[in-house]
Amino acid sequence: MTRALSTLLLLCLLLAGGVAHAGFRTFSERDAAVYCSADADLDIDRVASAGWQTRFQPLPDGKLARGYGHDTCWLRLKLSDVPPRPWLELIPSYLARLSLYQRLPDGGWQRRDIGSWRPVSAMELPLIAASFSLLPHEQTVFVKVQSLALNAQPRLWSEAELAAHNNQRLLQLGLIYGYMLTMVLIALAAWLITRRAQHAKLFGYILAVACHRFATDGMARLLLFPEQPQIALLCNYVGLGAAVMLGCAYFAHLLELKRDYPRTYRLYQLQAAAGAATVLCALFWPFGLAYSIPVTLYAIIVINLLTLPVCWRLWRRNDSGDRLIALHLPTNLALNIPALLLHLGHIPYQSWIQEYGRLADLPPITLLYIGLFLRMRTLERERIEALHQASQAQADSLRQREAREEQADLLAMITHEIRTPVAIIDAASSSLRLLEEDAPAPPVLAQRQARHERIQRALQRMQELMRLAEQHGRADVSDAGLHSRPLDLLELTRRSLEQLDADAQRRFWLQSGGARMPLCGDDQLLTMLLQNLMENALKYAHPDTPIQIGVHRLADRIVWQISDYGPGIAPGQEEAIFQRFTRLAETSNRPGLGLGLHLARRIAVQHGGELGLDPHWPHGASFILHLPKAAHDAHSLA
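Cut-offs and rules
- Residues numbered from 1 in each chain as written.
- Predicted model: local features only at pLDDT ≥ 70, side-chain atom pairs only at ≥ 80, totals over all residues.
- Heavy atoms only, no water.
- Phe/Tyr/Trp six-rings, centres within 6.5 Å; stacked < 30°, edge-to-face > 60°.
- Helix = DSSP H or I, 4+ residues; strand = E, 2+ residues; numbered from the N terminus.
- Buried < 20%, exposed > 50% of the residue type's maximum accessible area, 1.4 Å probe, protein only.
- Pairing = 2+ DSSP bridges.
- Patch = residues over 30% accessible without salt bridge, like charges linked within 9 Å, V, L, I, M, F, W, Y side chains within 5 Å.
- Areas by Shrake-Rupley, 256 points an atom, 1.4 Å probe, with all protein chains shown as cover.
- Salt bridge = Lys/Arg side-chain N within 4 Å of Asp/Glu carboxyl O.
- Axes fitted to C-alpha atoms, helices over the stretch in contact; angles between N-to-C directions.
- Parallel < 35°, antiparallel > 145°, perpendicular 65-115°, else oblique.
- Left-handed = near helix turned anticlockwise from the far one by under 90°.
- Contact = heavy atoms within 4.5 Å.
- Nonpolar A, V, L, I, M, F, W, Y, C, P; charged D, E, K, R; others polar.

**Some thoughts on the packing of aromatic side chains**
Taken as a whole and judged by the stated rule, the model has 14 aromatic pairs. Here Phe24 and Trp157 contribute two aromatic rings whose centre-to-centre distance is 5.1 Å and whose plane-to-plane angle is 45°, an arrangement assigned as tilted. Of this pair, Phe24 sits in the loop between helix 1 (2-17) and strand 1 (25-26) while Trp157 sits in strand 11 (residues 149-158), and the two are 133 residues apart along the sequence. Accessibility expressed as a relative area gives 21% for Phe24, which makes it partly exposed. By relative accessible area, which is 0% here, Trp157 ends up buried. When the centroid spacing of 5.1 Å and the interplanar angle of 90° are considered together, the rings of Tyr177 and Phe214 count as edge-to-face. Residue Tyr177 is found in helix 3 (residues 159-194), and its partner Phe214 is found in helix 4 (residues 197-216); the two are separated by 37 residues along the sequence. Tyr177 sits in the buried class, given a relative accessible area of 11%.

Here it is in structure tokens:
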């Protein structure tokens, strides 16, 4: 696509550049003069009178440059060295009303009217610009110019050269508008395929630019509305305003001005309002076009200059598509500034500006299309990469879920398979103890008793392993959501203590700062947390030493703390003890998997709380638990 657009653009530029400009003769200041007045009712007799001639001013370089207004300008042209079958041409083609006055032999004046407001059938030849045939002798003629845009240049031709030049211009315009039509069709196809508002704005913008240029060059009047020139002229002004409005909407969306550059976005809104005023004036108040069009053209120059920093930031993204899009606005501005200044009357009318100005839209639009194509290709590549990454992430998540399910199934199977032999061993140990109560020798009985105790300790270790495995699976399942309900942490603590044997219960000392400690949570998981901390204290505290449990409120949280008199936690290991399957070297002779504290902290975090060590407890280990009093959303930190 990019090669095709570039090749077509190069062909248009080469063929358009070959249009010959030789063959006509311009007027000098000595031969051309002008008089402008707000009085549109002046007649030729007064203007051609000897006393009135002093009011004429030499026309610089034979070119009229007055910008937009409602004055009536009279041109006085002295014809000398007249070619055979001479023709007087006045460009540009959008001059509205032109009247040529030639002196008759009887002293009167012959008047002929032409211009963009006249139908093609009123023209002597179907030419793009206004042209009058002249008598083949030296003479002085007057041309009355009544037009919204008072920028004009008279040129003297021979009929053959004028016809040849007109045909060359038609070929040039055919190439240009064929290229513009290609751009319009590409934008239309993109909109119909994607159904995105961005492509609809681009389609409207390119179509409005093409319509404006088509009418400005006189092609609309010559080909589409030969007998309805008012419609062709309306296409010119409506196309200009619509191009400004749709261009502002499209580029504001393309450059993300509303989000990233709100001040520039407001300027674009003002420019769009100026374009809308031009459309409304063209439809309902043509007199106001003399004011709305200059405002619109000045807005195009100033606001596009203020947009250059935005283009520079887009250029610095270092993406080929973004860089071509960033080049569009400055390129469009640079190529169109001469034509804009000409329309505003700041520079004299130049035929080369009019001839090549119509090419000014082609390179920027080509840059825009190629940039959009490269950006879409980049976005498509990023979309495919994102889909691939999402697919990989989904596959990884599926594998992790399957692994967790397999782990849970394995733990459940192991627990189930161990429970039966444990029960058999426990029953057999109890039966042996009953059968051996009448053992004759105390030393033998002591040995057997020691063996029974080792069996009981092994059973206790296996039962603890099964319980931790079940708790681990229960915590994994609970990651999907907590079964929260109103609870009393003090009552939950008492129930957890009641599940211990009588000797263990006597070691605990419960202190509370109130009658109730309300919170919301999963009672099964919180019971599991408290039991793990209590059993951990029983396991590691020195025998026959008390274990303190304190429950009190602190601001919007409930603090639960358990402190023992034991060996404590070695410095630097305060966080290691909460990691999964981590056991300290000094506790390796005690049964356990290193899962209890890990599960306890995990449950605390699931409830929006915290579990850690109290560094100020000097006698052993002191675990402190903070839980919120208010209800909260369940979440998982697995």
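**With respect to the sheet that holds strand 5 (residues 72-79)**
In spatial order, the strands read 3-2-5-10-7-8; together these six strands make up an open sheet with antiparallel pairing. Either end of the sheet is taken by a strand with one partner, and the two such strands are strand 3 (57-58) and strand 8 (109-114). As paired elements, strand 2 (residues 32-37) and strand 5 share six bridges and run antiparallel to each other. Among the inter-strand pairings, Ala33 is bridged to a residue of strand 5, identified as Arg76.

**Quick notes on a nonpolar patch on the surface**
Together, Leu234, Leu280, Leu283, Phe284, Trp285, Phe287 and Tyr291 make up a nonpolar patch on the protein surface, roughly 780 Å² of accessible area in all. Broken down by element, the nonpolar patch gets its largest block of residues, three residues, from helix 8 (residues 262-284). Its relative accessible area of 43% is what places Phe287 among the partly exposed residues.

**Some details on the packing of helix 8 against helix 9 (residues 289-306)**
Contact geometry for helix 8 and helix 9: axes closest at 9 Å, N-to-C directions at 160°. Taken together, helix 8 and helix 9 sit at an angle that is classed as roughly antiparallel. Every pair of crossing elements has a handedness; the one defined by helix 8 and helix 9 is left-handed. Touching Leu267, Tyr268, Gln271, Ala274, Gly275, Ala277, Thr278, Cys281 and Ala282 of helix 8 are Leu289, Ser292, Ile293, Val295, Thr296, Ala299, Ile300, Ile303, Asn304 and Leu306, all from helix 9. Its residues assigned to classes, the contact of helix 8 with helix 9 comprises 13 nonpolar, six polar and no charged.

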